[in-house]
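Letter by letter, the chains look like this.
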Amino acid sequence: MSDDPRPPWADAFFAARDEMRRWIAHAFKRHAPVPYAGGHDEGSFIASWFGFHQLFGAPAALDFARSLRDGVAAWAREHMRHGFFREGEAHHQTEIFTCFLARLWQVAPDDATAELIVDAAHHIGNWVEGIPAWYDWERHRFLSWRIGTETVGSGASSGYEVPDHFRLLQIALVAHRITGEQRYLDLCAAYAARWTRAILDAPAGRPPTVLYSGGAEADRDEVLYASGAHHQGDSALERVEPHVPAGTIDVLLDLHALTGDEACALAARRLCEALLPALTDPYSNPPGALLNRYRAAIGDASLDRDILGCMSAGIDQLLEGLDGMLSFLAKTRVSGYALAAARLYAALVDNPFAADRLEERAERYRELVGERPQMGARTETPAMVIETLSRKPVAGIGKRRDMVRWGWENELGALRPTSSPPPPSLMLAWQITGDEALAERALRLVADRMALARSALRDGRSHGCAGSTIGAVASGHGRDGGYGNVTGTLLPLAGGMLRDLAQERPTVRFRRGDGAEHLPAEVASLVRLHPRAEAQVRLYNDAREPLSLEVAGPAGEWTRVDLAARATTDLRVR
């Protein structure tokens, strides 16, 4: 029997998993007795629970989700008309379906959930008599961003389409999977074709955010609001931002999987390329997750060099700056240069791509100052800042002014903002390089952030779009498109999970000895996906005795795997 310590990645894995288990257990107790109140995004805060249940088993998550679903159904009978809001728009009034009901049906399909989704989908193609039309089948356009079963926008509220209309396609595609009816897929394919042409015809890095159609004079302020332009400006990166919360890339990849339309894959690639500069932004979770899905689903590794280049961009300049400060310090012994050098060192310590280039410089700092730099992840404590620093919109991918900020606190209580790439970007770098340290760092950040969020934030039920909630930390806020620290990092690392019709689907499945399709509690898993090929799986058995489990690919046969006690086992899964 071995008493060797856990591998660092496995220790971080268990920490992240256990934080999620604690949150689900405590949130269940808080919210199970509370009836559904009619919020358009009241179920969004548990978006990460469904994939977590698939991997680890969390029956309380499904119990609560079904109870909340029943509340949605009761409220809909009284307040909606034929399963959808009487008035609203394609952004907010779709969220209860895309962020909650679609996820629930994918993980635990039943007639009650299916009926709610299909009732809403009926309106997308004008399939209910007596309800205002939403869609123009002749020109394959939506008549307005403002939609409802009693009111549809006209005049100045018509004549334009924005990425938010892809949210309607998400609902329709799930309805297609539920019913098998071709009409849903036909609508989605024809409508998306207009956007794919516009994206591919536009200059690289300048994706369209609005399609004008119908001949009406659209209200400029409404168009800006509907397109999300109140969140950002007109830079290349900011133009792709509205497509992220709208789910454009995910829908295009869904359609490619369903129809084989290569234009969808090419348009998705064009949008993913535009996200590359945001990979190292500490608050941009979606780029790493979306690039990971594109890479694995399409089998296209052609962006790998650009991805790694973006991840290491700026390191050389920071190292040159650190060397300069150390040289000035050696010549002058001015304390200000020591502080500046320590801050540059801390910024580099936060980035795993620089870790192997710092030891010599840390030793030189010690020779000059008398101690190693006392700043950085090795000597500081993770910290979370909840204060909303400004009322102004925050530019960039996956940004809201009310989002929490991450940093480090030293022994004196001083805070330093993080400069680390976000966990999904580190996850993506692991997929490309196989560097275990990247996966360990990503999982450790997830564990730390979930622990901090649980200690101080509300769950997010009352406002699922908000940025300062536990739900937002786990599965993203209103501008993240469902990609947070858990959905964008833990689930892909633990099970190779990729988004599929609004819900994560495991690429690698696990089955315990009792037949339950969950990972045994004693086992940590680390999955590396090879584009359109096999998956590399690393398993660590934390038990003091051997155990066995079964492993399978998405639809493959189960294979028995025997794990030695306190040992790591590598295997490949097709």
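Please refer to the structure placed before this passage.
One structure accompanies this document, and this report is about it. (Residues numbered from 1 in each chain as written. Predicted model: local features only at pLDDT ≥ 70, side-chain atom pairs only at ≥ 80, totals over all residues. Heavy atoms only, no water.)

## Regarding the overall build of the chain
Then step 1. In terms of regular secondary structure, the chain is built from 21 helices and 15 strands.
Then step 2. Its C-alpha atoms give the chain a radius of gyration of 24 Å, near enough to 25 Å, the size a compact globule of 574 residues would have.
Then step 3. Considered along the principal axes of its C-alpha atoms, the chain spans approximately 80 × 55 × 45 Å.
Then step 4. Of all 574 residues assigned to the chain, the portion counted as buried reaches 59%.
Then step 5. Taking as baseline every contact in the chain between residues at least 6 positions apart, the subset at least 24 positions apart corresponds to 68%. (Helix = DSSP H or I, 4+ residues; strand = E, 2+ residues; numbered from the N terminus. Rg over C-alpha atoms; globule rule 2.2 N^0.38 Å. Buried < 20%, exposed > 50% of the residue type's maximum accessible area, 1.4 Å probe, protein only. Contact = heavy atoms within 4.5 Å.)

## Thoughts on the environment of Arg-183
Then step 1. For Arg-183, the location among the structural elements is in helix H7 (residues 182–201).
Then step 2. The spacing of Arg-183 and Ala-172 is 11 residues in sequence and 9.2 Å in space, taken between C-alpha atoms.
Then step 3. Among residues more than four places away in sequence, those in contact with Arg-183 are His-122, Trp-127 and Trp-137.
Then step 4. Of note is the side chain of Arg-183, whose polar atom sits 2.8 Å from the side chain of Glu-181. (Polar contact = N/O pair within 3.5 Å; in protein donor to acceptor, adjacent residues only side chain to side chain.)

## What to know about the pairing of strand E12 (residues 535–541)
Then step 1. Among the 7 residues that make up E12, 7 are buried, leaving the element largely enclosed by the rest of the structure.
Then step 2. Of the two faces of E12, the one holding Ala-535, Val-537, Leu-539 and Asn-541 and the one holding Gln-536, Arg-538 and Tyr-540 are both buried throughout.
Then step 3. Pairing of strand E11 (residues 523–529) with E12, which is carried by 7 bridges, proceeds in the antiparallel orientation. Bridge pairing in E12 links Arg-528 to Gln-536.
Then step 4. Hairpin connection between E11 and E12: a loop of 5 residues separates the two successive antiparallel strands, and Arg-532 in this loop has a positive phi of roughly 50°.
Then step 5. For E12 and strand E15 (residues 567–573), the ladder comprises 7 bridges, and the chain directions are antiparallel. Counterpart to Tyr-540 in the pairing with E15 is Thr-568. (Pairing = 2+ DSSP bridges.)

## Regarding the sheet that holds strand E13 (residues 547–552)
Then step 1. Strands sit in the order E10-E13-E14 across an open sheet of 3 strands; the sheet is antiparallel. Two strands bound the open sheet, and with one partner strand each, they are strand E10 (509–511) and strand E14 (559–563). If you compare each strand with its neighbour and ignore which way they point, the axes differ by 35° on average. (Axes fitted to C-alpha atoms, helices over the stretch in contact; angles between N-to-C directions.)

## Here's the deal with the sheet that holds strand E7 (residues 415–417)
Think of a sheet as strands paired side by side through backbone hydrogen bonds, with each pair either parallel or antiparallel.
Then step 1. Spatial strand order, E5-E6-E7: 3 strands in an open sheet with antiparallel pairing. Two strands in the sheet have a free side with no partner beyond their single neighbour: strand E5 (381–385) and E7. Across the sheet, the mean angle separating the axes of adjacent strands is 40° when strand polarity is ignored.
Then step 2. The sheet contacts of helix H19 (residues 436–456) involve E5 and strand E6 (405–409), and relative to E5 the element is tilted by about 50°.

## Here we look at the pattern of salt bridges
Note that side chains of opposite charge can pair when their charged atoms are close.
Then step 1. Applying the stated criterion across every chain, the model contains 46 salt bridges.
Then step 2. The residue Arg-146 makes a salt bridge to Glu-222 at a minimum N-O spacing of 3.2 Å. Of this pair, Arg-146 sits in the loop between strand E2 (141–142) and strand E3 (160–161) while Glu-222 sits in helix H8 (residues 220–227), and the two are 76 residues apart along the sequence.
Then step 3. By relative accessible area, Arg-146 is classed as partly exposed at 31%.
Then step 4. Where Arg-444 meets Glu-440, a salt bridge forms, and the shortest distance between an N and an O atom there is 3.8 Å. (Salt bridge = Lys/Arg side-chain N within 4 Å of Asp/Glu carboxyl O.)

## Comments concerning the nonpolar core
Then step 1. Of all hydrophobic cores here, the largest spans 161 residues; its most connected members are Trp-49 and Phe-100.
Then step 2. Residues within four places of Phe-100 in sequence aside, it is in contact with Gly-43, Ile-46, Phe-50, Ala-65, Leu-68, Arg-69, Val-72 and Glu-95.
Then step 3. Ile-315, Leu-322, Val-349 and Ala-354 belong to the second-largest nonpolar core, a separate cluster that totals 16 residues. (Core = buried A, V, L, I, M, F, W, Y, C linked by side-chain atoms within 4.5 Å.)

## What to know about the pairing of E6
Then step 1. Counting buried positions along E6 yields 4 of 5 residues, so the element is predominantly enclosed.
Then step 2. Of the pairings in the sheet, the one linking E5 to E6 comprises 5 bridges and is antiparallel in character. For Thr-381, the partnering residue across the bridge sits in E6 and is Glu-409.
Then step 3. Relative to E7, E6 is paired through 3 bridges, and the arrangement is antiparallel. For Trp-408, the partnering residue across the bridge sits in E7 and is Arg-416.
Then step 4. Following E6, the chain reverses through 5 residues before pairing antiparallel with E7; Gly-413 in that reversal takes a positive phi of roughly 90°.

## Section: the environment of Arg-177
Then step 1. Mapped onto the fold, Arg-177 is located in helix H6 (residues 165–179).
Then step 2. Sequence spacing of Arg-177 and Arg-572 is 395 residues, and the spatial spacing of their C-alpha atoms is 30 Å.
Then step 3. Discounting residues that sit within four places of it in the chain, Arg-177 has contacts with Trp-105, Gln-106, Asp-500 and Leu-501.
Then step 4. Engagement of the side chain of Arg-177 in a polar contact is seen with the side chain of Asp-500, the distance being 2.8 Å.

## Section: the packing of helix H4 (residues 95–107) against helix H5 (residues 111–121)
Then step 1. It is the contact of H4 with H5, at a shortest axis distance of 9 Å, that shows an interaxial angle of 135°. With respect to their mutual orientation, H4 and H5 come out oblique. The handedness of the crossing between H4 and H5 is left-handed. Packed against H4, whose contacting residues are Phe-97, Leu-101, Ala-102, Leu-104 and Trp-105, the element H5 presents Thr-113, Ala-114, Leu-116, Ile-117 and Ala-120 at the interface. (Parallel < 35°, antiparallel > 145°, perpendicular 65-115°, else oblique. Left-handed = near helix turned anticlockwise from the far one by under 90°.)

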